[in-house]
Amino acid sequence: MMKMRMNPDGNAHPRVQFQRSKNSVLTICLFLLLHLLGQTSFSVASDPDPSLRRLQLLQQRYEKVREQFSRDMILLAETVESQSYFRDADAIRTRALPPTAGAYNLDDLPEERLPQIPLELPDAERQWRLKLRKLETDYANELYKIARDALNKGYPSLVFQLIREVAFYSPDHINARRMLGYVPDGGKWTTSFRKQMALEKNVDHPRFGWIPQKHVARYENGERLLDGEWVSAEKEAAVRRDFNYAWVIGSEHFVVKTNHSLEKGVEISRALEKFHDFFLREFTGFFNSPQQIQRLLDSGPRAKWSPAARYQVYYYRNKEEFVAALKSRQPMIERANGLYMPGDRIAYFFHDDSPEETPEAQSDKLEVMYHEVTHQLLGESRPGKTEVGEQANFWVIEGFPCYLESYRPEYKEPQVGNPRHIRIYWARKRALEDNIYWPMRQFVSVGRTEFPLEPDTYNQAAGMVHFFLNYEDGIYRDAFIQYLANVYDPAFRARQQAVSLEKILGVKYEDLDRQYLDYLRQLPTDPPERVQFIEVRQ
């Protein structure tokens, strides 16, 4: 898919910065904690359907366990503070906060296994440290029970949300760690990829990526290994300007080929790895059936890292080379900022260091990358090339990547779905203020060739994805992800039989229309200043 820019109304809009609330981390009383817990309660519909009711019961179980855990932690913090361990008391109060408070990162897990509480500690300190360990371990075990019940009731998104919290409070919980992709390695936790790198005596250098440990000093001294010989960095750069001899930067899930610079390739690789981890964590139901998730809960993943399964990305040092490489295969490539080619399973991008390149334009290029790599992650999730959305359901083929344009790794939670993003802003404005809206029954029935190449249709598609993932605290989330997986199912018969969105959700399209428009009315109305993207179909 190829992306071009246009402003849907031709007017400039004042830029609005998305503001994120911050909570005090070190000073909080029980009243404030319970208030925060109350703020994060899940909304309850006046007449919930059975699916919503089941989800609410699970969420209420979680809130009850979390509330008791928070109370116990606050009481322990008071005891610790009375013994003059002020910093430790503050740290305990922070860990008593719910994840939505943004006071910590659930994915910030220790590499080393937790040590035993030292016997030589003063008795009072050792007692409260043992108490803290027990409180957090017991809480994690309760969450794990809720996670298993959530899976049995068909909510894999809630499963992974809970598993992340299990691992945070009980870092050595073996099933939680394995489910998140970790493997034990002596006294440490690592991934299959990092374990393989260690066996090969490679290290992850901040500038040069994964290189042999024995080469670090020479690389830092300005030397480079080229075709088995050590040369200067300048000589290597001269050779690798030709894309045929470009740098190839390998990471766990991506291979980035670039003739810009080694350092830029590593930068792109790291950004894509972050996006991949987020994507897999948030949308695991797309990649795993309930049976596969059950096996993950029981014993974790068993597959070893395979270098052949990595995603291929080409990053050219300028737009001219990008255009020259693709113009014979893609019309209008001059107007593109990025492209994923399903035929060769490669995502193509280029670097632009022109003086007029504004921070907004740089942000737009990142959005292009997230959009195109989303196509890549979805398209290559199944073996071979599968034509999807040909007869119907093309809206979700584009709507999902458009929604993922809002991904921001610098945010804590959530990292995607900013309601002030330009896509969602225009979806709301056109539907509610300009009365431009395709009813869902008609919208989902359109296939690839009939889907209008207009900003309004792409924005509505993104708005609908926002709705299905977030309405009523995610009541439709897992069913929608299953719908997306069905659309990409390689079996033609399965795609034809299992893509009725209203059947999967159990709600008629006319009711979904009403819910969606009500949902849009609750979103912010202030417009950001951004460029609008549209797709050019191949």
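Every value quoted in this text rests on a predicted model; they were computed, and no experiment measured them.

1. As for the overall build of the protein chain
Move 1: Per the secondary structure count, the protein chain includes 22 helices and 13 strands.
Move 2: The burial tally for the protein chain puts 49% of its 538 residues in the buried class.
Move 3: Here the analysis covers contacts within the protein chain between residues at least 6 apart in sequence; of these, 69% occur between residues at least 24 apart.

2. Overview of the environment of Arg-281
Move 1: Within the element layout of this structure, Arg-281 appears in helix α10 (residues 262–282).
Move 2: Taking C-alpha positions, Arg-281 is 7.0 Å from Phe-160, a pair spaced 121 residues apart along the chain.
Move 3: One polar contact links Arg-281 to Gln-415, side chain to side chain, over a distance of 3.3 Å.

3. Here's the deal with the pattern of salt bridges
Move 1: Counting across every chain of the model gives 37 salt bridges.
Move 2: A salt bridge links Glu-236 to Arg-224, with the nearest nitrogen and oxygen atoms 3.9 Å apart. In this pair, Glu-236 is assigned in helix α9 (residues 233–240) and Arg-224 in strand β6 (residues 223–226), connecting sequence segments 12 residues apart. Neither residue differs from the other here; Glu-236 and Arg-224 are each classed as buried.
Move 3: Several salt bridges converge on common partners, so that one network encompasses Arg-428, Lys-429, Arg-430, Glu-433, Asp-434 and Asp-456.

4. Re the packing of aromatic side chains
Move 1: Applying the stated criterion across every chain yields a total of 45 aromatic pairs.
Move 2: With a centroid separation of 5.3 Å and an interplanar angle of 65 degrees, the aromatic rings of Phe-279 and Phe-283 are classed as edge-to-face.
Move 3: Aromatic pair Phe-468 and Phe-480: ring centres 5.5 Å apart, planes at 10 degrees, arrangement stacked. Here Phe-468, found in helix α18 (residues 455–470), pairs with Phe-480, found in helix α19 (residues 477–487); they are 12 residues apart in sequence, far enough to count as distant.
Move 4: Residue Phe-480 is classed as buried on the basis of its relative accessible area of 0%.
Move 5: Stacked on the ring of Tyr-182, the Lys or Arg Arg-177 has its end atom at 4.6 Å from the ring centre.
Move 6: In this structure, Lys-257 packs its charged tip against the face of Tyr-314, placed 5.5 Å from the ring centre.

5. Quick look at unusual backbone geometry
Move 1: Phi is positive for Arg-345, which is not a glycine, with a value near 55 degrees.
Move 2: Considering the arrangement of structural elements, one finds Arg-345 in the loop between β11 (339–341) and β12 (346–350).
Move 3: Taking relative accessible area as the criterion, Arg-345 reaches 27% and is therefore assigned partly exposed.
Move 4: The residue Glu-472 is not glycine, and still its phi comes out positive at about 50 degrees.
Move 5: Take Glu-472: it is sitting in the loop between α18 and α19.

6. Quick word on the nonpolar core
Move 1: Core analysis: the largest hydrophobic core is formed by 110 residues, its most contacted members being Trp-395, Phe-400, Phe-468 and Phe-480.
Move 2: Apart from residues no more than four positions distant in its own chain, Phe-400 is found in contact with Phe-279, Phe-283, Thr-374, Leu-378, Val-465, Leu-469, Phe-480 and Leu-484.
Move 3: One finds Phe-243, Ala-246, Tyr-316 and Phe-322 within the second-largest nonpolar core, a separate group that totals 14 residues.

7. Digging into the environment of Asp-353
Move 1: With respect to the secondary-structure elements, Asp-353 resides in the loop between β12 and α14 (359–379).
Move 2: Between the C-alpha atom of Asp-353 and that of Arg-317, which follows or precedes it by 36 residues, the distance is 9.3 Å.

8. Describing the pairing of strand β4 (residues 202–205)
Move 1: Inspection of the sheet shows β4 paired to strand β5 (residues 209–212) by 4 bridges, in the antiparallel sense. In the sheet register, His-205 faces β5, and the bridge partner there is Gly-209.
Move 2: Hairpin connection of β4 to β5: 3 residues between the antiparallel strands.

9. Details of the environment of Ile-475
Move 1: Note on placement: Ile-475 falls in the loop between α18 and α19.
Move 2: Relative accessible area serves as the criterion here: at 8%, Ile-475 is assigned to the buried category.
Move 3: Taking the C-alpha atoms as reference points, Ile-475 and Leu-505, 30 residues apart in sequence, are found 9.3 Å from one another.

10. Examining the packing of α18 against α19
Move 1: Here α18 crosses α19 at 130 degrees, and the two axes come no closer than 7 Å. Overall, the two elements α18 and α19 adopt an arrangement that is oblique. Side by side, α18 and α19 meet where Val-465, Phe-468 and Leu-469 of the first sit next to Arg-477, Phe-480 and Ile-481 of the second.

11. Structural notes on the pairing of strand β7 (residues 229–232)
Move 1: Summarising the sheet, β6 and β7 pair through 4 bridges and their orientation is antiparallel. Considered in β7, the bridge of Arg-224 is made with Val-231.
Move 2: Counted between consecutive antiparallel strands, the loop separating β6 from β7 contains 2 residues, among which Asp-227 sits at a positive phi close to 50 degrees.

12. A few points about the side chain of His-466
Move 1: The topology assignment puts His-466 in helix α18.
Move 2: According to the relative accessible area criterion, His-466 is buried, its value standing at 4%.
Move 3: In this structure His-466 touches Tyr-403, Gly-417, Asn-418, Pro-419, Ile-424, Tyr-471 and Tyr-519, once residues within four positions along its chain are discounted.

13. Regarding the confidence of the model for the protein chain
Move 1: A residue-level look at the protein chain finds 82% of positions with pLDDT of 70 or above and a mean pLDDT of 84.
Move 2: The least confident element of the protein chain is helix α1 (residues 30–39), whose mean pLDDT is 36; the most confident is helix α8 (residues 216–220), at 98.
Move 3: pLDDT under 50 marks residues 3–48. Its contacts with residues more than four places away, or in other chains, come to 105 contacts.
Move 4: Predicted confidence for residues 533–538 stays below pLDDT 50, and this span has 44 contacts to residues more than four positions away or in other chains.

14. Looking at the packing of helix α4 (residues 123–152) against helix α5 (residues 156–169)
Working note: a packed helix pair is described by the angle between its axes plus the distance between those axes.
Move 1: With their axes 9 Å apart at the nearest point, α4 and α5 run at an angle of 165 degrees to one another. Accordingly, the angle class assigned to the pair α4 and α5 is roughly antiparallel. As for how α4 packs across α5, the hand of that crossing is left-handed. Counted together, Glu-136, Thr-137, Tyr-139, Ala-140, Leu-143, Tyr-144, Ile-146, Ala-147, Ala-150 and Leu-151 of α4 and Leu-158, Val-159, Leu-162, Ile-163, Glu-165, Val-166 and Tyr-169 of α5 form the full contact between these two elements.
Move 2: Here the contact of α4 with α5 is composed, by residue class, of 14 nonpolar, 1 polar and 2 charged.

Analysis parameters
- Residues numbered from 1 in each chain as written.
- Predicted model: local features only at pLDDT ≥ 70, side-chain atom pairs only at ≥ 80, totals over all residues.
- Heavy atoms only, no water.
- Helix = DSSP H or I, 4+ residues; strand = E, 2+ residues; numbered from the N terminus.
- Buried < 20%, exposed > 50% of the residue type's maximum accessible area, 1.4 Å probe, protein only.
- Contact = heavy atoms within 4.5 Å.
- Polar contact = N/O pair within 3.5 Å; in protein donor to acceptor, adjacent residues only side chain to side chain.
- Salt bridge = Lys/Arg side-chain N within 4 Å of Asp/Glu carboxyl O.
- Phe/Tyr/Trp six-rings, centres within 6.5 Å; stacked < 30°, edge-to-face > 60°.
- Lys NZ or Arg CZ within 6 Å of the ring centre and 35° of its normal.
- Core = buried A, V, L, I, M, F, W, Y, C linked by side-chain atoms within 4.5 Å.
- Pairing = 2+ DSSP bridges.
- Axes fitted to C-alpha atoms, helices over the stretch in contact; angles between N-to-C directions.
- Parallel < 35°, antiparallel > 145°, perpendicular 65-115°, else oblique.
- pLDDT = per-residue confidence, 0-100.
- Left-handed = near helix turned anticlockwise from the far one by under 90°.
- Nonpolar A, V, L, I, M, F, W, Y, C, P; charged D, E, K, R; others polar.

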